[in-house]
Structure formats: C-alpha cells, structure tokens
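Chain by chain, the residues:
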Amino acid sequence: MAQLVQSFVGDTALRLQDEEFVRTMAWGSNWKKLNIAVNHSAPQFNGTVNTPSGYYVGLCEGATDTFKSAGCVEWVGCWIDGTTGWTYTAGPPAGVQPNGGSNWKRGYKQGAVLTTSGSDAVANFVPVTFRDYFIVTIEQTAAGYLVLYRTPAAIPTLDTITGNFELIVNQTEQNTIRTLNFATNRRLDTVSIYWTLPSVGLEISEILVTRLA
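Below or above, wherever it landed, is the structure these notes cover.

1. Here's the deal with the nonpolar core
In this structure, Tyr55, Leu59 and Ile193 are the most contacted members of the largest nonpolar core, which totals 37 residues. Looking at this core, the elements that each hand over two or more residues are strand E4 (33–41), strand E5 (53–60), strand E6 (72–82), strand E9 (104–111), strand E12 (132–140), strand E13 (145–150), strand E15 (190–195) and strand E16 (202–211). Sequence-distant contacts of Tyr55, defined by excluding residues within four places in its chain, comprise Val38, His40, Cys78, Trp79, Ile80, Phe134, Ile193, Tyr194, Trp195 and Leu202. Ranked by size, the runner-up nonpolar core spans seven residues in total, among them Cys60, Phe67, Trp75 and Tyr194.

Dropping the structure here:
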C-alpha cells in the first residue's frame, strides 16, 4: 500500500512501490489540452543499481480499470523505460538514470496491450537527494493526441522547480512534441501515475494538473 513519508524534513510525500496513483479530475473529460506536473524523487536508491522498472504518467478513462489493470479501458501518456535497469550517480547531486538509449517513450494502452508510438533519448534523471520534476502536456487533436514532455536535458545542480511548478530559467529542458494517431472515445478523465518497482519507492511530493483548454 502507498505510504506517506518524510524523507526530507518538512516535506511529506506519497511513496509508490509497484503501485499506481489515480485521481479523477474535477472537470472530468471536459478538456482539450492540459499539463500534468509531478514533483518527485527516489531517495531509497543508493549505491550502484541495476533494477528494471518503469515510470508511467498519463490519463486514463475512469478510476477502476486504469493503466495497471489488464482490463484498462484506455490510457494515453509518456513513460521512462527503465526495464534494462538504472545507473546510480553519486553526484552531488545524487540520482539515477535509466540504462539504454531511447528510454523516453510515449503511446497508449488498451486492455493488456501497451503500444509504443515513438521514443527519444533524453537524460531522464530522477534525483535521490532532492525533488525534481516530470511534466507532460497532452492535447486532443482531430487525429488523436499531441504529447509534449519536459525533463532536465542534463543532471541538474539544484532543484529545477518551485512549489508552484514555475520553472527556474537557468535549467535546460527537453521539449519534444509527438503525435499519437490513436482512435479514441475521448473520455480520458483520470490522472494515472504508476511506478513498477516494488523494492525501491518513487516519492511524489506534489502533483499539479492544469487545464489549458
């Protein structure tokens, strides 16, 4: 079961260990474009690691048959593919990065089938000693979805996001837009965040979903 923890003094976070956080949005499926911002860290990682796992952020239909379910109705989003393991960097700052090349992926899931629509090689640094961010923008189009994601393009030297999710200008982000030509019923109404590793938790201190249109 997900736990509330304080790995950093005064900062309560939700720890996921092979668990999925889901929350139905106040506006339901009445949106055209939105941002999902996650302030996260993985302080349980320490030393050299080579543990396969995945980190998925997106939208699904309903809060019951979600991404983790074999009966998933529909999910669209992005993920960090750490299935070939992670490499630990002592830093400072300390953190982990997934092994392999094109480990940032995007696509959709229906039932038990996850379809990859494309991938990119970016840093995908998940910090151990501080919080950092993961931001996904999803926009509906006539053909399907546009997906944009922002992540540090290199290992940051300090927090790259404030409590209000305002990006600090001296940090570099990776901005890539991809189109998912996916026939959809357009009923995506629930935020889904899934971390697959049971032995080491992903900690989330803030989630902000902003409807842009």
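2. Comments concerning the packing of aromatic side chains
In total, this model carries 14 aromatic pairs according to the counting rule given. Ring centres of Phe67 and Trp75 lie 4.7 Å apart, and the angle between their planes is 65°; this geometry places the pair in the edge-to-face category. Comparing Phe67 with Trp75 shows no difference in burial state: the two are buried. Pairwise contacts between aromatic rings join Phe45, Tyr55, Trp86, Trp104, Phe134 and Trp195 into one cluster. Across from the ring centre of Phe67, 5.3 Å away, lies the NZ or CZ of Lys109, which sits over that ring.

3. Some remarks on the sheet that holds E15
Taking strand neighbours across the sheet as the criterion, the six strands line up as E3-E15-E5-E6-E9-E10 in an open arrangement whose pairing is antiparallel. Each edge of the open sheet carries a strand with a single partner, namely strand E3 (19–24) and strand E10 (113–120). Neighbouring strand axes in the sheet, compared pairwise and without regard to direction, differ in orientation by 20° on average. Examined bridge by bridge, E6 and E9 share seven bridges and lie antiparallel to one another. In the strand pairing of E9, Val76 is matched with Tyr108.

4. Observations concerning the pattern of salt bridges
A complete count under the given rule lists four salt bridges for this structure. Here Glu203 ties to Arg15 by a salt bridge, and the two come within 2.9 Å at their closest N and O atoms. Highlighted residues: Glu203 in strand E16 and Arg15 in strand E2 (residues 11–16), separated in sequence by 188 residues. Here the two residues Glu203 and Arg15 agree in accessibility, since each one is buried.

5. Quick look at the environment of Cys78
Positionally, Cys78 belongs in strand E6. Residues Cys78 and Arg106 lie 28 residues apart in sequence; the distance between their C-alpha atoms is 4.1 Å. If near-sequence neighbours (up to four positions away) are discounted, Cys78 is found in contact with Tyr55, Tyr56, Val57, Trp104, Lys105, Arg106, Val136, Val147 and Tyr149.

6. Structural notes on the environment of Pro93
As for its position among the elements, Pro93 is in the loop between strand E7 (86–89) and strand E8 (95–98). C-alpha separation for the pair Pro93 and Val128, spaced 35 residues apart in sequence, amounts to 7.7 Å.

7. Describing the sheet that holds strand E11 (residues 126–127)
Spatial ordering of the open sheet is given by E7-E8-E11, a layout of three strands whose pairing is antiparallel. On the outer flanks of this sheet lie E7 and E11, each paired with one strand and no other. Pairing of E7 with E8 involves four bridges; the strand directions are antiparallel. Paired with Thr87 across the strands is Gln97, a residue of E8.

Here is what the cut-offs are and how they apply
Residues numbered from 1 in each chain as written. Predicted model: local features only at pLDDT ≥ 70, side-chain atom pairs only at ≥ 80, totals over all residues. Heavy atoms only, no water. Core = buried A, V, L, I, M, F, W, Y, C linked by side-chain atoms within 4.5 Å. Buried < 20%, exposed > 50% of the residue type's maximum accessible area, 1.4 Å probe, protein only. Helix = DSSP H or I, 4+ residues; strand = E, 2+ residues; numbered from the N terminus. Contact = heavy atoms within 4.5 Å. Phe/Tyr/Trp six-rings, centres within 6.5 Å; stacked < 30°, edge-to-face > 60°. Lys NZ or Arg CZ within 6 Å of the ring centre and 35° of its normal. Pairing = 2+ DSSP bridges. Axes fitted to C-alpha atoms, helices over the stretch in contact; angles between N-to-C directions. Salt bridge = Lys/Arg side-chain N within 4 Å of Asp/Glu carboxyl O.

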